[in-house]
Amino acid sequence: MKTSTQVHLLIIDPQNDFCDIPAAEQPADPLAAGRKLAPTLPVAGADQDMKRLAAFIDRVGNKLFDIHVTLDSHNPIDIAHPTWWSNDQGQAPAPFTVITAKDVAAGLWRSRNPLLQERSRQYVEQLDAAQRYALVVWPEHCLIGHWGHNVHAAVTQSLDAWARKKLDVVDYVTKGSNPFTEHYSAVQAEVPDPADPGTLLNSRLIRTLSEADVVIVAGEALSHCVANTVRDIASNFGEDNIAKLVLLTDCSSSVGGFEQLGQDFVNEMRARGMKTSRSTDYML
């Protein structure tokens with residue numbers, strides 16, 4: 001039975017590769033004896049974020065009208081992965097290398113596939129022109145079909161329990177499978193590709209959230225995918241609707257070294273009307 005007040009929960013990228021899951025809780029690698037499956041891009045604090053989020057879902061799930069979960073979904077060959085790029089010695093960039101339009105113009109980095117050099121150059125120039133984040137080379141993460149792509153176990157368990165109790169389905173939203181553009185925001189890619197509708201504005205998600213009375217936000221990482229998703233939602237909501245957004249501050253953490261980006265986002269959105277709360281304090 002649906003509640004009269006439409007309260008939606010938007011969970012952004014609650015995936016294993018972003019969670020600092022303790023070694024004791026990491027599963028065995030079925031392809032390598034004695035080795036465990038470990039997150040490739042863990043965000044400090046994310047494991048506890050997700051456990052608090054799971055507890056929140058268990059506590060207030062009967063009051064949630066709908067749950068949306070975004071999933072970062074990449075291929076090994078991706079413009080933001082090391083394999084895409086090489087320097088003049090044929091070496092791939094180290095993870096967390098920043099590649100700017102000036103770097104590409106100077107020949108410091110080029111596409112390993114010569115056929116993609118021009119498109120790669122245009123991409124970093126478009127990022128620069130749009131004043132989006134500069135291209136960061138991330139470790140391969142959230143690869144489709146891999147353990148790292150899966151939702152954190154505690155959150156998965158709570159989502160499944162919610163679905164069975166409500167006789168409803170979780171709205172899973174994938175992003176990031178186009179290798180030519182980054183896709184921090186669940187609403188649209190950093191540089192939309194006109195030939196790929198999956199990179200364009202997700203008007204369905206925007207429309208669905210705009211019809212909600214409250215949109216609770218959680219997920220990883222605060223500095224990147226949460227920040228970009230919420231900003232894009234706000235830009236398409238209209239300022240009057242931003243007040244319906246509530247960020248659970250204890251269910252989202254920033255990538256190490258990018259903490260200021262996360263704080264800047266929170267300060268900006270609070271000034272625009274977004275509310276914040278700890279999951280343990282937020283009573284629906």
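Treat the numbers as computed from the prediction; the structure is a model and nothing was measured. Numbers given for residues are sequential positions, taken from 1 along each chain in its written order. Only residues with pLDDT of at least 70 are given local features in this predicted model, and only at 80 or more are side-chain atom pairs given and counted; all residues enter the totals for whole chains, interfaces and linings. Side-chain metrics rest on all non-hydrogen atoms present in the structure, leaving aside hydrogens and water.

Participant: Which parts of the structure should I look at to understand the pairing of strand 8 (residues 214–219)?
Facilitator: In terms of burial, strand 8 is a largely internal element, six of the six residues being buried. Burial classes follow relative accessibility: with a 1.4 Å probe on protein chains only, a residue under 20% of its type's maximum area counts as buried, one over 50% as exposed, and anything between as partly exposed. Helix numbers and strand numbers start at the N terminus; a helix is a DSSP run of H or I with at least 4 residues, a strand a run of E with at least 2. Of the two faces of strand 8, the one holding Val-214, Ile-216 and Ala-218 and the one holding Val-215, Val-217 and Gly-219 are both buried throughout. Two strands are counted as paired when DSSP detects at least two bridges linking them. One ladder, built from six bridges, connects strand 1 (residues 7–12) with strand 8; its direction is parallel. Residue pairing for strand 8: Leu-9 is matched across the bridge by Ile-216.

Participant: What is the right way to read the nonpolar core from this model?
Facilitator: The nonpolar side chains of soluble globular proteins are, as a tendency, buried together. Residues enter a nonpolar core if they are buried and are Ala, Val, Leu, Ile, Met, Phe, Trp, Tyr or Cys, with the set joined through side-chain atoms within 4.5 Å. Ile-11, Leu-53, Ile-67, Trp-85, Ile-216, Leu-245 and Phe-265 are the most contacted members of the largest nonpolar core, which has 78 residues in total. Top contributing element to this core by residue count: helix 6 (residues 222–237), with eight residues.

Participant: Hey, could you run me through the packing of aromatic side chains in this one?
Facilitator: In this description, a pair of aromatic rings is defined by centroid distance and the angle of the planes. Only Phe, Tyr and Trp rings are paired, with Trp represented by its six-membered ring, and only when their centres lie within 6.5 Å; those with planes under 30 degrees apart are stacked, over 60 edge-to-face, the remainder tilted. Considering all chains together, one arrives at four aromatic pairs under this definition. Ring geometry for Tyr-133 against Tyr-184: centres 5.5 Å apart, planes inclined by 75°, an arrangement best described as edge-to-face. In this pair, Tyr-133 is assigned in the loop between helix 3 (117–129) and strand 6 (135–136) and Tyr-184 in the loop between strand 7 (171–175) and helix 5 (203–210), connecting sequence segments 51 residues apart. Assessed through its relative accessible area of 19%, Tyr-133 is described here as buried. A residue is classified by how much of its surface remains accessible, and Tyr-184, at 7% relative accessible area, is buried. Sitting over a ring, as applied to charges here, requires NZ of Lys or CZ of Arg to be within 6 Å of the ring centre and within 35 degrees of the ring normal. Here the guanidinium or amino end of Arg-119 rests over the ring plane of Phe-180, the centre of that ring lying 3.7 Å away.

Participant: Which parts of the structure should I look at to understand helix 6?
Facilitator: Side chains that are three or four residues apart share a direction in an α-helix, a result of its 3.6 residues per turn. When you tally the buried positions in helix 6, you get 13 out of 16 residues, the bulk of the element. Taken from the residues just after helix 6, Gly-238 is the one with a positive phi, measuring 95°.

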